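# Geometric and topological summary
Residue-level listing of the chains:
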Amino acid sequence: MATITVDPRVSGNTAEFVSGRHLLYIDGQFVQAASGKTFPVYNPATGEVIAQVPEADEEDVHRAVLAARRAFDDGAWVRMAPAARTKLMSRLADLIEEHNDELAEIESLDNGKPFAIARVNDVPKTAAMFRYMAGWATKLTGTTLPLSAGPDFHAYTMREPIGVVAQIIPWNLPLLMAAWKLAPALACGCTVVLKPAEQTPLSALRLAQLIDEAGFPPGVVNILTGFGETAGAALAKHELVDKIAFTGSTEVGKLIVKAAAGNLKKVTLELGGKSPAIVFPDALMDKAIPGTASAIFANQGQNCSAGSRLYVHVKVFDQVVEGVGKIADKIKLAPGLDPACQMGPLVSDAQQRRVVGYIESGIQEGAKVTAGGPVSGIERGYFVRPTVLTHTNPGMKVVREEIFGPVVCAVPFSDDDIDRIVQRANDTIFGLAASVWTQNLSVAHKVARGIRAGTVWVNCHNVFDPALPFGGYKQSGWGREMGEEVLHHYTEVKAVTIAL
Ligand code: NDP
């Protein structure tokens, strides 16, 4: 087993947690995997092993699902006063806030992202998500319905939790994605088995400890670390799971749908994207240039909503591309825990190879690199320079496929016909998000109406809020995360009709 090396810059608490013994969280107990197997977790800034975590397999999945099933079927969680659920979830939010910097250090070590960003973005947003959804627990109502069947009937609907939910999350925003999944499920009274990504299991394991400390009843939340092909696949096909919520690649999303067919479990999917950012010549350049740069480079470009296709009117194309390129060139690449870090490494060597492969394929197909490029110049760690490609065409892989790294394809348009620009922006299998940059209200609204995507930002990009529903059209997914909308995916509607 490789030696564990934890960055000396982290606090004592973080070092102790990361290098300590990690266990699965099943039925309110911290336990080893049934097989006793573990797997290593790497620091993407160095490639060193920072922890060993349990490798859950089918047997552990079965134990966790049974625990969640019992916790749901015994009714205590479902019947718990909604205000008591609110209080528990708010207590968890308090605990997350109390451990803000520790969680941010864990996230930075494990995922590679800048600590300075994790502590003001990922962790506070995680707490905010639990707090927002905690409020919904007391507000899940049905309606009374006037029946045309006649006056001798009284009818109403009620919203009930869907049951046992399996949740599989990715590595790009590990803690926040756990909150996006857990918070609405718990607010609705569901019980959960959550599997974080193999690359980034640590913040979910720390969250399990905080969930335990908050006092959630045993079995309501179960957290399993393991691999997608084994633990994830076992969850997706398990007959006692009522619903599966997945975030990740479109390819795995399709596998989840097939696996879920066995017992026709309900499925929600938050998948890939190839989001356009469209800059019109009247846009405020001091907002549009840094805004579109951040749209693609934030979180090392590892965002499903990243603005990876930058459409710019010819009148301002050179100015925007030069501006975005200058920002890219100035971004300081360093390990996430380095105070100077503005962009950390990508999450893994596989992701680095994948993103570099895309840049190389773009160059081979005729694209020009105006900033960044395939060589990072950094010896250790999975770094990729923020990269701007021009001279692309709509057939190229870099334009069509999700890269999931800091790589943007800048494309000029000369057309003043909004419908044609919208048509180009919509020329993708994805439909997650888009942004439009203009001072013209009517242009903004026309583009917002025409774009086939779940989110359209005007003069901003990557603005998320627990109140805003988020999800995809087309192959970007099924259903929505967050907002009131997500509650429909964790509840069933029952119609009750009474003959008076
Ligand atoms: P995956 O889709 O493989 O991983 C996402 C989650 O699914 C992980 O928890 C993974 O587990 C799990 N998983 C993998 N295979 C299965 C399976 N057969 N059944 C059930 N669960 C499974 O993404 P990758 O990590 O491979 O990343 C590849 C690409 O996916 C990225 O480059 C990006 O384009 C896209 N992606 C999109 C994300 C988004 O937010 N929409 C997030 C992450 C990736 P494990 O990691 O343990 O194998």
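Structure report, in brief. (Residues numbered from 1 in each chain as written. Predicted model: local features only at pLDDT ≥ 70, side-chain atom pairs only at ≥ 80, totals over all residues. Heavy atoms only, no water.)

## Remarks on the sheet that holds strand β5 (residues 144-145)
- Strand order in the open sheet formed by three strands is β5-β6-β22, with antiparallel pairing between adjacent strands. In this open sheet, the two edge strands, each paired with only one partner strand, are β5 and β22 (491-499).
- Of the strand pairs in this sheet, β5 and strand β6 (residues 153-161) are connected by two bridges, and their pairing is antiparallel. Across the sheet, the residue bridging to L145 is A155, located in β6. (Pairing = 2+ DSSP bridges. Helix = DSSP H or I, 4+ residues; strand = E, 2+ residues; numbered from the N terminus.)

## Considerations on the side chain of N111
- Along the chain, N111 turns up in helix α5 (residues 100-111).
- The class of N111 is buried, set by a relative accessible area of 0%.
- Within the structure, N111 has its side chain in polar contact with the backbone nitrogen of K113 (distance 3.1 Å).
- A polar side-chain atom of N111 sits 2.7 Å from the main-chain carbonyl oxygen of W171.
- Beyond its immediate stretch of four places on either side in the chain, N111 contacts P44, W171, N172, P174, T200, Q300, P345, L346 and V347. (Buried < 20%, exposed > 50% of the residue type's maximum accessible area, 1.4 Å probe, protein only. Polar contact = N/O pair within 3.5 Å; in protein donor to acceptor, adjacent residues only side chain to side chain. Contact = heavy atoms within 4.5 Å.)

## Some thoughts on the site of the ligand
- Near the ligand there are 29 residues, and of these W171, E198, S249, R354 and E402 occur at the shortest range.
- G226 places a polar main-chain atom, nitrogen or oxygen, 3.2 Å from an oxygen atom of the ligand.
- Notes on the ligand: free accessible area 860 Å², of which the protein chains cover 89%.
- If you list the elements that add at least two residues to the shell around the ligand, you get α9 (228-237), β10 (243-247), α10 (250-260) and α13 (349-364).
- Of the residues contributing to the shell around the ligand, the split by class is 14 nonpolar, ten polar and five charged. (Near = heavy atom within 4 Å. Areas by Shrake-Rupley, 256 points an atom, 1.4 Å probe, with all protein chains shown as cover. Nonpolar A, V, L, I, M, F, W, Y, C, P; charged D, E, K, R; others polar.)

## Some points on the packing of helix α2 (residues 58-73) against α9
- It is the contact of α2 with α9, at a shortest axis distance of 8 Å, that shows an interaxial angle of 45°. One way to sum up the angle between α2 and α9 is to call them oblique. With respect to the hand of their crossing, α2 and α9 are arranged in right-handed fashion. On the side of α2, the interface is formed by E58, V61 and V65, while α9 contributes A231, A234, L235 and K237.
- Tallied by class, the residues present in the contact of α2 with α9 amount to five nonpolar, no polar and two charged. (Axes fitted to C-alpha atoms, helices over the stretch in contact; angles between N-to-C directions. Parallel < 35°, antiparallel > 145°, perpendicular 65-115°, else oblique. Left-handed = near helix turned anticlockwise from the far one by under 90°.)

## Observations regarding the sheet that holds strand β16 (residues 407-413)
- Pairing within the open sheet is mixed, and its seven strands lie in the order β14-β15-β16-β13-β12-β18-β19. Two strands in the sheet have a free side with no partner beyond their single neighbour: β14 (368-371) and β19 (455-458). Strand-to-strand twist in this sheet, taken as the mean axis angle between neighbours without regard to direction, amounts to 25°.
- As judged from the three bridges shared by β14 and strand β15 (residues 387-390), these two strands associate in the antiparallel manner. Pairing of V369 across the sheet is with L389, part of β15.

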